[in-house]
Amino acid sequence: QVQLVESGGGLVQAGGSLRLSCAASGRAFGSYTMGWFRQAPGKEREFVAAINKSGRNTYYTDSVKGRFTISRDNAKNTVYLQMNRVKPEDTAVYCCAAAARMGQYDYWGQGTQVTVSS
């Protein structure tokens, strides 16, 4: 029903910046809370950031506060994750997800690899 496609991942030097995009199919993008998650090798998938339906409220895990910014453009059916001052610990596969209800992410993208070198 809803397809999510991430882009913008790649290799970046520690301290640099990267911008991830997640394009959603369908015409009901504004009905979903959108989130970013990441999973590093050998680690459990963790929540990174989320933004509510209107874009007025955002949420971040402590490790990325002040460095990452989530935003959305409902007219373009796209959510972004601006990653600044990246660290090697940020290396992971990043996925976007859509939730119709609080905490219930029903749709997931395929993921994009982010590798931070030092």
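Everything that follows concerns the structure shown earlier in this document.
Residues numbered from 1 in each chain as written. Predicted model: local features only at pLDDT ≥ 70, side-chain atom pairs only at ≥ 80, totals over all residues. Heavy atoms only, no water.

(A) Seen up close, the packing of aromatic side chains. If you walk through the whole model with that rule in mind, you get 5 aromatic pairs. Centre to centre, the rings of Y32 and Y107 are 5.9 Å apart; their planes meet at 85 degrees, and the pair counts as edge-to-face. One end of the pair, Y32, is in the loop between strand 3 (18-24) and strand 4 (33-39); the other, Y107, is in strand 10 (residues 104-108), with 75 residues separating them in the sequence. With 5.7 Å between their ring centres and 75 degrees between their planes, F37 and F47 make a pair best called edge-to-face. Here F37, found in strand 4, pairs with F47, found in strand 5 (residues 46-51); they are 10 residues apart in sequence, far enough to count as distant. Chaining the aromatic ring pairs together yields one cluster made of F37, F47, Y105 and W108. Positioned above the aromatic ring of Y80, the side-chain terminus of R19 is 4.0 Å from the ring centre. Sitting above the plane of the F29 ring, R72 keeps its charged end 4.4 Å from the centroid. (Phe/Tyr/Trp six-rings, centres within 6.5 Å; stacked < 30°, edge-to-face > 60°. Helix = DSSP H or I, 4+ residues; strand = E, 2+ residues; numbered from the N terminus. Lys NZ or Arg CZ within 6 Å of the ring centre and 35° of its normal.)

(B) The arrangement of the state of the cysteines in detail. Tallied over the entire structure, the rule returns 1 disulfide. Shown here is the disulfide that connects C22 with C96, its sulfur atoms set 1.9 Å apart. In this structure, the disulfide formed by C22 and C96 twists by about 55 degrees around the S-S bond and is classed as right-handed. Of this pair, C22 sits in strand 3 while C96 is found in strand 9 (residues 92-101), placing the two residues 74 residues apart along the sequence. Overall, the relative accessible area of 0% leaves C22 in the buried class. Unpaired in this structure, C95 has its nearest cysteine sulfur neighbour in C96, at a distance of 7.5 Å. You can call C95 buried: its relative accessible area is 14%. (Disulfide = S-S within 2.5 Å. Buried < 20%, exposed > 50% of the residue type's maximum accessible area, 1.4 Å probe, protein only.)

(C) How the structure looks around the sheet that holds strand 8 (residues 78-83). Within the open sheet, the 4 strands sit side by side as 1-3-8-7. Their pairing is antiparallel. Each having just a single partner strand, strand 1 (4-7) and strand 7 (68-73) make up the two edges of the open sheet. Each strand axis lies, on average, 15 degrees off the axis of its neighbour in the sheet, ignoring direction. Inspection of the sheet shows strand 1 paired to strand 3 by 4 bridges, in the antiparallel sense. Counterpart to L4 in the pairing with strand 3 is A24. (Pairing = 2+ DSSP bridges. Axes fitted to C-alpha atoms, helices over the stretch in contact; angles between N-to-C directions.)

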